[in-house]
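# What the coordinates show
Listed below are the residues making up each chain.
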Amino acid sequence: MDDDRPDPGPELPSIRASDHEREATARFLQQSYSEGRLTLAEFDERTTKAYGALFQSDLAELTRDLSPARRDGGAAPAAHRDAAPARRVTGGSGPSTSLAFMGGCERRGAWTVPAEHTAFAMMGGVELDLREAALQAHETTIRAFAIMGGVEIYVPDDIHVVVEGLGLMGGFSEEAGRWKPDPRPVRQAPPGAPVVRVTGLALMGGVEVRRVPRTR
């Protein structure tokens, strides 16, 4: 079977790409999109390929027509390393559950949200603050269950959020208005930003997902 992957050539041996190199390429693509070098469709397609790339040569091919400096398949130039919210994705591990039974559970400050996290509150409350949190993966699923209790999730505006939960004799909602503790405007997450998907159930309780300004 023919291999459509480009021949890496003598300077690009088939070396496996690391997570850091994939993230660096995604950040570089985002910067190129913001400069008008890529259309939105091209940016989405190349970013998807970057996260699925196996070899450094695959990454190099995605940026070959954007900058000669990127032909080595290495990390993005230093000027772009801190430019994108993708820096939140560290690949680290974190707690898989947050539980509150007739009490409270809070997670805030510097902590890592795993790719899948479950928050459960029964006659109690759970608070998940993601403003300073790192993410294990580019896409995160938080399953929130509130039974005669409440779950509050604060998502900074440099992360895309999708809310898909169900409320039965309760509420499952997303709030994006002015937040009293930080009245700065809430902006739209940039293209290529990490995604947090919130699903679950509120039964005689409430799950509130609030989009808030990113940390200064």
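Residues numbered from 1 in each chain as written. Predicted model: local features only at pLDDT ≥ 70, side-chain atom pairs only at ≥ 80, totals over all residues. Heavy atoms only, no water.

An unreviewed UniProt entry annotates the protein chain as DUF1707 domain-containing protein originating from Dietzia cercidiphylli.

### Some points on the overall build of the protein chain
What the protein chain contains, in helices and strands, is three helices and 13 strands. For the protein chain, the proportion of its 216 residues judged to be buried stands at 43%. Restricting the contact set of the protein chain to residue pairs at least 6 apart, pairs at least 24 apart contribute 72%. (Helix = DSSP H or I, 4+ residues; strand = E, 2+ residues; numbered from the N terminus. Buried < 20%, exposed > 50% of the residue type's maximum accessible area, 1.4 Å probe, protein only. Contact = heavy atoms within 4.5 Å.)

### Observations regarding the pattern of salt bridges
Taken as a whole and assessed by the stated rule, the structure comprises 13 salt bridges. The residue Asp-158 makes a salt bridge to Arg-88 at a minimum N-O spacing of 3.0 Å. You can see Asp-158 sitting in the loop between β8 (150-156) and β9 (160-163) and its partner Arg-88 sitting in the loop between α3 (56-63) and β1 (97-101), a full 70 residues away along the chain. Judged by its relative accessible area of 11%, Arg-88 falls in the buried class. Between Arg-108 and Glu-127 there is a salt bridge; the shortest N-O distance is 2.3 Å. Of this pair, Arg-108 sits in the loop between β2 (104-107) and β3 (112-113) while Glu-127 sits in strand β5 (residues 125-129), and the two are 19 residues apart along the sequence. Connected through salt bridges with shared partners, the residues Glu-106, Arg-108 and Glu-127 form a single ionic network. (Salt bridge = Lys/Arg side-chain N within 4 Å of Asp/Glu carboxyl O.)

### Regarding the packing of aromatic side chains
One pass over the structure, following the stated rule, counts two aromatic pairs. When the centroid spacing of 5.6 Å and the interplanar angle of 45° are considered together, the rings of Phe-101 and Phe-120 count as tilted. With Phe-101 in strand β1 and Phe-120 in strand β4 (residues 116-122), the pair connects residues that are 19 residues apart, well separated along the chain. Look at Phe-101 and you get exposed, because its relative accessible area is 52%. (Phe/Tyr/Trp six-rings, centres within 6.5 Å; stacked < 30°, edge-to-face > 60°.)

### Looking at helix α2 (residues 40-51)
The terminal C-alpha atoms of α2, which comprises 12 residues, lie 17 Å apart, in line with the 16 Å expected from a rise of 1.5 Å per residue. Listed in full, the buried residues belonging to α2 are Phe-43, Arg-46, Thr-47 and Ala-50. Down the axis of α2, the buried side of the element spans an arc of 105°, and every buried residue falls inside it. More than 90 degrees from the buried face of α2, the exposed residues found are Ala-41 and Thr-48. (Expected span 1.5 Å × (residues − 1). Arc of directions from axis to C-beta.)

### Topic: the environment of Gly-170
Inspection of the secondary structure puts Gly-170 in the loop between β10 (166-168) and β11 (171-175). In this structure, the C-alpha to C-alpha distance between Gly-170 and Gly-206, residues 36 residues apart in sequence, is 5.5 Å. Beyond its immediate stretch of four places on either side in the chain, Gly-170 contacts Ala-202, Met-204 and Gly-205.

### Notes on the environment of Gly-149
One can find Gly-149 in the loop between β7 (139-147) and β8. Sequence separation between Gly-149 and Leu-203 is 54 residues, and the spatial gap between their C-alpha atoms is 8.4 Å. Not counting chain neighbours up to four residues away, the residues in contact with Gly-149 comprise Ala-121, Met-123, Gly-124, Met-204, Gly-205 and Gly-206.

### Considerations on the nonpolar core
Membership of the largest hydrophobic core comes to 26 residues, with the highest contact counts inside it found for Val-126, Leu-128, Leu-130, Val-151, Ile-153 and Val-198. Elements represented by at least two residues in this core include exactly β4, β5, β7, β8, β12 (195-203) and β13 (206-212). Setting aside chain neighbours within four positions, we find Val-151 in contact with Ala-119, Ala-121, Val-126, Ala-144, Phe-145, Ala-146, Gly-206, Val-207 and Glu-208. Core analysis: the second largest hydrophobic core is formed by 10 residues, Phe-28, Leu-38, Ala-50 and Leu-66 among them. (Core = buried A, V, L, I, M, F, W, Y, C linked by side-chain atoms within 4.5 Å.)

### Concerning the sheet that holds β11
Hydrogen bonds between backbone groups are what pair the strands of a sheet, and the pairing can be parallel or antiparallel. The five strands are arranged β2-β5-β8-β13-β11 in an open sheet whose pairing can be described as parallel. In this open sheet, the two strands that pair with only one neighbour each are β2 and β11. On average, each strand axis in the sheet is inclined to that of its neighbour by 5°, with strand direction left out of account. The pairing of β2 with β5 spans four bridges and is classified as parallel. (Pairing = 2+ DSSP bridges. Axes fitted to C-alpha atoms, helices over the stretch in contact; angles between N-to-C directions.)

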